[in-house]
Amino acid sequence: MRYAIIGTGAIGGYYGAKLARGGAEVHFLLHSDYEYVLNNGLQVNSCDGSFHIDRPNVYRRTEDMPQCDVVIVALKTTNNHLLTSLLPPLLKPDTMVLLIQNGIGVEASVEMMFPDIRLAAGLAFICSAKTEPGVVNHQCYGNINIGNYSCRDAARYAAMLDDMRKAGIGVADVEYRQARWKKAVWNMPFNGMTVALDTQTDRLLSNPATLKLIREQMMEVIGAANALGVEGLDESFADKMIRNTQVMVPYSPSMKLDHDFHRPMEIEFLYTRPIAEARQAGFAMPRLEMLEALLRFKDS
């Protein structure tokens, strides 16, 4: 199948490069480092083994890219307004769009722009960063859970999963709503807290006070998910996420990097929308509401 990567950063660059190395036809949209990657290729420095894509298919504009079977969107949600112009040149009637993005309500928002689009959600469990042109630094993990949101083509969906597995990507087909809220259990505490306290994940968990607060925030997310009818989430999952993070390398999540580099933070889909959904279901998230307010202050 033919793939397009919209957002060739830490996430899109990593999964797109893995697919290309695995033999898939991949086309990358680039912005600031287009010339560098055109001339030097795409480098992935990975804990699982580094590799280089010598001559990737790279473009400045989606108008110059071919129509694709699967479009992987790895933009920050703060840039999703660009999709109205970026996506149409890539779409065929049967194109599937995989949104590897953070937050709750992302697919519904994109569906409002494109009512007939075939969407899936990608929830990446990965420590990866791109802080220099053409180089993705993959520190640890790398599996991705994928939930089918509105793709009616079961064969297309299965073929994408198969391509990912052939490329060495650990991928699981999961129930959509559960997958989104499971990712929120990690994202909502760690993204905001690293910004609010100007620190990394390891220091949050090594201090007893912030470890307690992180777990309480995780339980708020789990409580909200349960109130909304999402199954398979309980306190054992919070404990698992904490253990997994304790053995990670010290890590600055995407929101921390956005704040450090003076970029807009993804507050809307990471905080505002899940908090609003929980409130509509009669469940309050007071610790995370306070964290959202702190982030809104910093973002302004």
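Preceding block: the structure.
Here goes a summary of the coordinates provided. (Residues numbered from 1 in each chain as written. Predicted model: local features only at pLDDT ≥ 70, side-chain atom pairs only at ≥ 80, totals over all residues. Heavy atoms only, no water.)

## Here we look at the overall build of the protein chain
Secondary structure assignment for the protein chain yields twelve helices and ten strands. For 300 residues, the compact-globule estimate of 2.2 N^0.38 gives 19 Å, and the protein chain sits close to it at 19 Å. Considering only C-alpha atoms, the protein chain reaches an extent of 50 × 35 × 35 Å along its principal axes. Counting the 300 residues in the protein chain, one finds 52% classified as buried. (Helix = DSSP H or I, 4+ residues; strand = E, 2+ residues; numbered from the N terminus. Rg over C-alpha atoms; globule rule 2.2 N^0.38 Å. Buried < 20%, exposed > 50% of the residue type's maximum accessible area, 1.4 Å probe, protein only.)

## Description of the side chain of Glu220
The residue Glu220 is located in helix H8 (residues 208–227) in this model. At 3.1 Å, the side chain of Glu220 forms a polar contact with the backbone nitrogen of Leu288. When sequence neighbours within four positions are dropped, the list of residues in contact with Glu220 reads Phe283, Met285, Pro286, Arg287 and Leu288. (Polar contact = N/O pair within 3.5 Å; in protein donor to acceptor, adjacent residues only side chain to side chain. Contact = heavy atoms within 4.5 Å.)

## Here's the deal with the packing of aromatic side chains
Within this structure, the stated rule accounts for three aromatic pairs. Residues Tyr149 and Tyr176 carry aromatic rings whose centres are separated by 4.9 Å and whose planes lie at 65° to one another, so their mutual orientation is edge-to-face. You can see Tyr149 sitting in the loop between strand S9 (135–148) and helix H5 (154–166) and its partner Tyr176 sitting in helix H6 (residues 176–196), a full 27 residues away along the chain. Given a relative accessible area of 27%, Tyr149 falls into the partly exposed group. Its guanidinium or amino end placed over the ring of Phe51, Arg21 lies 4.1 Å from that ring's centre, counting from NZ or CZ. The ring of Phe125 carries Lys183 above its face, with NZ or CZ at 5.6 Å from the centroid. (Phe/Tyr/Trp six-rings, centres within 6.5 Å; stacked < 30°, edge-to-face > 60°. Lys NZ or Arg CZ within 6 Å of the ring centre and 35° of its normal.)

## With respect to unusual backbone geometry
Although it is not a glycine, Asp198 sits at a positive phi angle of roughly 50°. If you trace the backbone, Asp198 turns up in the loop between H6 and helix H7 (201–206).

## Details of the packing of H8 against helix H9 (residues 235–246)
Between H8 and H9, whose axes approach to 9 Å, the crossing angle comes to 135°. When the axes of H8 and H9 are compared, the pair comes out oblique. Between H8 and H9 the crossing geometry is right-handed. Across the interface between the two elements, Leu211, Arg215, Met218, Met219 and Ile222 of H8 pack against Glu235, Ala238, Asp239, Met241 and Ile242 of H9. Broken down by class, the residue content of the contact of H8 with H9 amounts to seven nonpolar, no polar and three charged. (Axes fitted to C-alpha atoms, helices over the stretch in contact; angles between N-to-C directions. Parallel < 35°, antiparallel > 145°, perpendicular 65-115°, else oblique. Left-handed = near helix turned anticlockwise from the far one by under 90°. Nonpolar A, V, L, I, M, F, W, Y, C, P; charged D, E, K, R; others polar.)

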